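Report on the structure
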Amino acid sequence: MNRDRVATMTIEARGNTNLGRLCLNAFRWMDTLFEARMQLRGWQRIPCSSSLVLPHLHKKGVRPADIAKSAGVTRQAVHHVLKDLLELGLVEMQTDPNDRRSKLVAISPRGVEFDTAVRDVSKEIEQELAQRIGDQAVSALRTSLEAEWGNPYEKLRTTENQF
């Protein structure tokens, strides 16, 4: 199947596609472009699960348990991701000065470089998207995604006994 046919099918099917699928398609578009741009800068692909941990890191360090709580995942999941990030040299383990028995995870100098590249590439992708669909559309998308959507389970809790 050639690309033009796929594009035509996509356009024809677009009106019938649910919002979840559209969000997933948009994520895949951005993720594909993100990976390609990062590789052009010399960064190898890192596991997607790293995105659960990286936003919670800083130079001073943070306990893995606190990362897990902030990310909404288990401590075991955080430790698994940290192992990968340590091997890639993006984080460092430090002894907690307040509790010698505990360790803190800190972003390494290489991790700071990676974070800078991530921010730069993310800005570039947003600018490219604006060129493709317009500044107003990107602004509306950002506004919608930044809105408080509430707890997805809230409605389920109030209606679960009605069935």
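Quick caveat: nothing in here was measured; it's all calculated off a predicted structure. (Residues numbered from 1 in each chain as written. Predicted model: local features only at pLDDT ≥ 70, side-chain atom pairs only at ≥ 80, totals over all residues. Heavy atoms only, no water.)

**Regarding the overall build of the protein**
A count of helices and strands for the protein gives seven helices and two strands. Looking at the protein as a whole, 25% of its 163 residues qualify as buried. At a minimum sequence separation of 6, the contacts of the protein that also span at least 24 residues come to 51%. On the protein, roughly 12,300 Å² of surface is accessible, and the fraction owed to carbon and sulfur atoms is 53%. (Helix = DSSP H or I, 4+ residues; strand = E, 2+ residues; numbered from the N terminus. Buried < 20%, exposed > 50% of the residue type's maximum accessible area, 1.4 Å probe, protein only. Contact = heavy atoms within 4.5 Å. Areas by Shrake-Rupley, 256 points an atom, 1.4 Å probe, with all protein chains shown as cover.)

**Quick notes on the nonpolar core**
Side chains of a nonpolar character, in soluble globular proteins, are inclined to be buried together. Among the nonpolar cores identified, the biggest contains 24 residues, and M38, V53, L57, I67, L85, L90 and F114 are the most heavily contacted of them. Sorting the residues of this core by element identifies α2 (19-40), α3 (64-71), α4 (75-88), β2 (99-107) and α5 (109-133) as the ones contributing at least two each. Looking at this core, the element that brings in the most residues is α4, giving five residues. Leave out the neighbours within four places in its chain, and L90 touches W43, I46, L85, A106, I107, S108, R110, G111 and F114. (Core = buried A, V, L, I, M, F, W, Y, C linked by side-chain atoms within 4.5 Å.)

**Overview of the pattern of salt bridges**
The full count for this structure, using the stated rule, is 10 salt bridges. In this structure, D96 engages R63 in a salt bridge whose closest nitrogen and oxygen atoms are separated by 2.9 Å. Of the two residues, D96 is situated in strand β1 (residues 91-96) and R63 in the loop between α2 and α3; the sequence distance between them amounts to 33 residues. For D96, a relative accessible area of 5% translates into the label buried. For E126, the salt bridge is made with R142, and the minimal N-O distance between the two is 2.5 Å. (Salt bridge = Lys/Arg side-chain N within 4 Å of Asp/Glu carboxyl O.)

**Regarding the packing of aromatic side chains**
Two aromatic rings, taken as a pair, are described by how far apart their centres are and by the angle between their planes. Under the counting rule described, the total for this entry stands at one aromatic pair. Relative to F114, the ring of W43 lies with its centre 5.1 Å away and its plane at 75 degrees, an arrangement referred to as edge-to-face. Residue W43 is located in the loop between α2 and α3, and its partner F114 is located in helix α5; the two are separated by 71 residues in the primary sequence. A relative accessible area of 11% means that W43 is categorised as buried. (Phe/Tyr/Trp six-rings, centres within 6.5 Å; stacked < 30°, edge-to-face > 60°.)

**As for the environment of R37**
Counting through the fold element by element, R37 comes out in helix α2. Not counting chain neighbours up to four residues away, the residues in contact with R37 comprise V121, E124, I125 and E128.

**Concerning α5**
In this model, α5 (25 residues) spans 36 Å end to end at C-alpha, consistent with the 36 Å of a helix rising 1.5 Å per residue. Contacts from the buried residues of α5 go to α2, β2 and α6 (135-146). Positive phi appears at G134, one or two residues downstream of α5, with a value of about 100 degrees. (Expected span 1.5 Å × (residues − 1).)

**Some remarks on a nonpolar patch on the surface**
The grouping of L141, L145 and W149 at the surface amounts to a nonpolar patch, some 360 Å² of accessible area in total. Mapped onto the secondary structure, L141 falls in helix α6. (Patch = residues over 30% accessible without salt bridge, like charges linked within 9 Å, V, L, I, M, F, W, Y side chains within 5 Å.)

**Concerning the packing of α3 against α4**
Helices that pack against each other are described as a pair by the angle of their axes relative to one another and the distance between those axes. For the pair α3 and α4, interaxial distance at closest approach is 8 Å and the crossing angle is 115 degrees. By the criterion of interaxial angle, the relationship of α3 to α4 is roughly perpendicular. Considering the relative orientation of α3 and α4, their crossing is right-handed. Residues P64, A65, I67 and A68 of α3 touch α4, and the partners they reach there are R75, V78, H79 and L82. Tallied by class, the residues present in the contact of α3 with α4 amount to six nonpolar, one polar and one charged. (Axes fitted to C-alpha atoms, helices over the stretch in contact; angles between N-to-C directions. Parallel < 35°, antiparallel > 145°, perpendicular 65-115°, else oblique. Left-handed = near helix turned anticlockwise from the far one by under 90°. Nonpolar A, V, L, I, M, F, W, Y, C, P; charged D, E, K, R; others polar.)

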